[in-house]
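Read off the chains here:
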Amino acid sequence: MNRRTVAAATPRARLTVDVALAGLAFIVSMGVLQSGGFGRPDPTARTLDVLAFALGAVASLPLAARRIAPLTVYLLTAAATVVLLYLRYPFELPLGAMVAAYTVALTYGGAGRTRRAVAMVAVALFVPAIMLAYLLVGVDVATITSGLFLWAAVSVCVWIGGDLTRLRRERIAGLEEQARRSAREAERERRLAVAEERTRIARELHDSAGHAINVILVQAGAARLLQDRDPEGTRRAIGTIEDVARTTVTEIDRLVHALREEDPAAPPTPADPGALEQLLRERRGDGLAIATNIHGEPRPLPSGVAWAAYRILQEALTNAARHGSGTADVALAFGADAVEITVTNPTGRDPAVPNPATFGRGAVGVGGVGGVGGVGGVGGHGIIGMRERATLLGGSFDAGARNGAFLLRARLPIGGATT
């Protein structure tokens, strides 16, 4: 059932409940009138007749419209109740008036000062009106004092109950609105981070294409100069042109496709494809104790993969230095079809380490907006940026706290492209 269907069904469901409640109150009222009230029957009381039936209906059936016109429904049910008692009918259970009073408190308890005061006065006058009705027909009020006090206490409890229910609903509505605002703000932050990543992609695309064109120009010039003196060198130059053009076209297609996505997952910012070891040395020089484990033979990577690997490792080491205990274990695995990066560091002094329940979703993390050294605390954009890079390449990314350490793992498919 969609949201619109639920919204349309809710008023009908409430009306059904109110009609059922009105019917129940009418049946109870008729039962009380038929039985002669509670306790010992009053010989002077009137029995159930057509007038009592009609007044009983007015004292209960308007409850079907209690949400539409709460105060009007209350005045009708209360007036019919007072008239029944004035005419000496044994109507000792004004269920309709009490339910209507509860609805008035629920509806007008948080209204403006005037409307709230009018509603409170209307409910407060119920018991005095009953007392006046008894006095008018010559009943000694002193003999029914306990009953009047009971009805007064019930009226107070009904008002308090309705007001407390209103406050609870307002509090729940406020929390729901706050949650919606927080969700909208988080979505806005996420979109901002993605937009910034997309800007970085555009810059990388420009740099990558410019570099490739320069290479093609140099190789084309060499082929032109060597075409007569060195045919083999000319063929090599042309082959290089072909390889660079093919790789560049593939990368441009992938990046432009990501930029055209309505809600993309993107990578960013260029780096030297062979700079991973240099990055590790720099971080060691900054004081971070790094244990390195390299599997496979390091080799040149496609520029897009190299950029993503460099920036993911750079961001992970920055976060390890700022939020960990000063140590990190780095594993680099160069496979035939992918490069994998795993960084593990004890959570150390970071007071905002992600919950272990988030591991595997890459949904929580610390860091800047996809760049170097930026730290945004929990829910920062560093994790978003790293995940965007990996996702763009068709890879995977996981990050989260696990067994007292923060573990980050990225897998970047190579796809057989060459630099």
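Going by the structure above, here's the rest.
Definitions and cut-offs
Residues numbered from 1 in each chain as written. Predicted model: local features only at pLDDT ≥ 70, side-chain atom pairs only at ≥ 80, totals over all residues. Heavy atoms only, no water. Pairing = 2+ DSSP bridges. Helix = DSSP H or I, 4+ residues; strand = E, 2+ residues; numbered from the N terminus. Axes fitted to C-alpha atoms, helices over the stretch in contact; angles between N-to-C directions. Contact = heavy atoms within 4.5 Å. Expected span 1.5 Å × (residues − 1). Buried < 20%, exposed > 50% of the residue type's maximum accessible area, 1.4 Å probe, protein only. Phe/Tyr/Trp six-rings, centres within 6.5 Å; stacked < 30°, edge-to-face > 60°. Parallel < 35°, antiparallel > 145°, perpendicular 65-115°, else oblique. Left-handed = near helix turned anticlockwise from the far one by under 90°. Nonpolar A, V, L, I, M, F, W, Y, C, P; charged D, E, K, R; others polar. Polar contact = N/O pair within 3.5 Å; in protein donor to acceptor, adjacent residues only side chain to side chain. Patch = residues over 30% accessible without salt bridge, like charges linked within 9 Å, V, L, I, M, F, W, Y side chains within 5 Å. Areas by Shrake-Rupley, 256 points an atom, 1.4 Å probe, with all protein chains shown as cover. Salt bridge = Lys/Arg side-chain N within 4 Å of Asp/Glu carboxyl O. Lys, Arg positive; Asp, Glu negative; His and termini not counted. Charge placed at Lys NZ, Arg CZ, Asp CG, Glu CD.

Draft legend 1. Molecular detail of the sheet that holds strand 3 (residues 338-346). If you walk across this open sheet you meet the 5 strands as 1-2-3-5-4, and the pairing is mixed. Taken across any chain shown, the strands that pair with only one partner, and hence form the sheet edges, are strand 1 (289-295) and strand 4 (396-402). For this sheet, the mean inter-axis angle between neighbouring strands, taken without regard to orientation, is 10°. Where strand 1 and strand 2 (residues 327-334) come together, 7 bridges link them in parallel fashion. Bridge assignment links I294 to a residue of strand 2, and that residue is L332. Packing against the sheet, helix 10 (residues 303-323) makes contact with strand 1, strand 2, strand 3 and strand 5 (405-413), and its axis sits at approximately 175° to strand 5.

Draft legend 2. Region of interest: the pairing of strand 3. The sheet contact formed by strand 2 and strand 3 spans 6 bridges and is antiparallel. Along strand 3, the bridge assignment pairs A333 with E340. Between the end of strand 2 and the start of strand 3, which pair antiparallel, lie 3 residues. As paired strands, strand 3 and strand 5 are joined by 9 bridges and run antiparallel to one another. The residue of strand 5 that forms the bridge with I341 is A410.

Draft legend 3. Helix 4 (residues 95-108), seen in detail. With 14 residues, helix 4 ought to run about 20 Å at 1.5 Å a step, and its terminal C-alpha atoms sit 20 Å apart, in line with that. Of all 14 residues making up helix 4, 11 are buried, and the element is well covered by its neighbours. Among all positions of helix 4, only G96, A97, M98, V99, A100, A101, T103, V104, A105, L106 and Y108 are buried.

Draft legend 4. Just unusual backbone geometry, in detail. Of note, R88 is a non-glycine position whose phi angle comes to about 70°, a positive value. Relative to the helices and strands, R88 is located in the loop between helix 3 (70-86) and helix 4.

Draft legend 5. Layout of the packing of aromatic side chains. Scanning the model with the defined rule gives 2 aromatic pairs in all. Ring centres of F26 and F53 lie 5.3 Å apart, and the angle between their planes is 90°; on these two criteria the pair is classed as edge-to-face. Taken as a pair, F26 in helix 1 (residues 3-35) and F53 in helix 2 (residues 50-58) lie far apart in primary sequence, 27 residues in all. Residue classification places F53 among the partly exposed positions, given a relative accessible area of 44%. With a centroid separation of 6.4 Å and 25° between ring planes, the pair formed by F126 and W151 is classed as stacked. With F126 in helix 6 (residues 126-136) and W151 in helix 7 (residues 145-226), the pair connects residues that are 25 residues apart, well separated along the chain. A residue is classified by how much of its surface remains accessible, and W151, at 15% relative accessible area, is buried.

Draft legend 6. Summary view of the packing of helix 3 against helix 5 (residues 113-124). Their axes nearest at 11 Å, the elements helix 3 and helix 5 cross at an angle of 15°. The angle between the axes of helix 3 and helix 5 places the two elements in the roughly parallel class. When the axes of helix 3 and helix 5 are compared, the crossing they make is left-handed. When helix 3 is examined against helix 5, the residues L71, Y74 and L75 are found in contact with a partner set consisting of V118, A122 and V123. Split by residue class, the contact of helix 3 with helix 5 holds 6 nonpolar, no polar and no charged.

Draft legend 7. Fine view of the environment of N293. Here N293 is to be found in strand 1. Counting along the chain gives 40 residues from N293 to A333, while the straight-line C-alpha distance between them is 8.3 Å. Apart from residues no more than four positions distant in its own chain, N293 is found in contact with V330, A331 and L332. A polar atom in the side chain of N293 sits 3.2 Å from the side chain of H295.

Draft legend 8. Spotlight on a nonpolar patch on the surface. There is a patch of nonpolar side chains on the surface, built from Y86, M131, L132, L135, L136 and V137 and spanning about 540 Å² of accessible area. Of all the elements, helix 6 adds the most residues to the nonpolar patch, at 4 residues. Within the secondary structure, V137 sits in the loop between helix 6 and helix 7. Note on V137: relative accessible area 30%, which makes it partly exposed.

Draft legend 9. The arrangement of a positive patch on the surface in detail. A contiguous patch of positive charge on the surface is contributed by R14, R168, R169 and R171. Looking at which element gives the most residues to the positive patch, the answer is helix 7, with 3 residues. Note that R171 resides in helix 7. Under the relative-accessibility criterion, R171 is labelled exposed at 51%.

Draft legend 10. A look at the side chain of Q314. Its location among the elements puts Q314 in helix 10. Engagement of the side chain of Q314 in a polar contact is seen with the side chain of R311, the distance being 2.3 Å.

Draft legend 11. Molecular detail of the pattern of salt bridges. Under the counting rule described, the total for this entry stands at 14 salt bridges. Ionic pairing is found between R184 and E177, a salt bridge with its closest N-O pair at 3.3 Å. R191 is the partner of E187 in a salt bridge, and the nearest nitrogen-oxygen pair spans 2.9 Å. With a gap of 4 residues between them, E187 and R191 both fall in helix 7, about one helical turn apart. Taking the relative accessible area as the measure of exposure, E187 reaches 30% and is therefore partly exposed.

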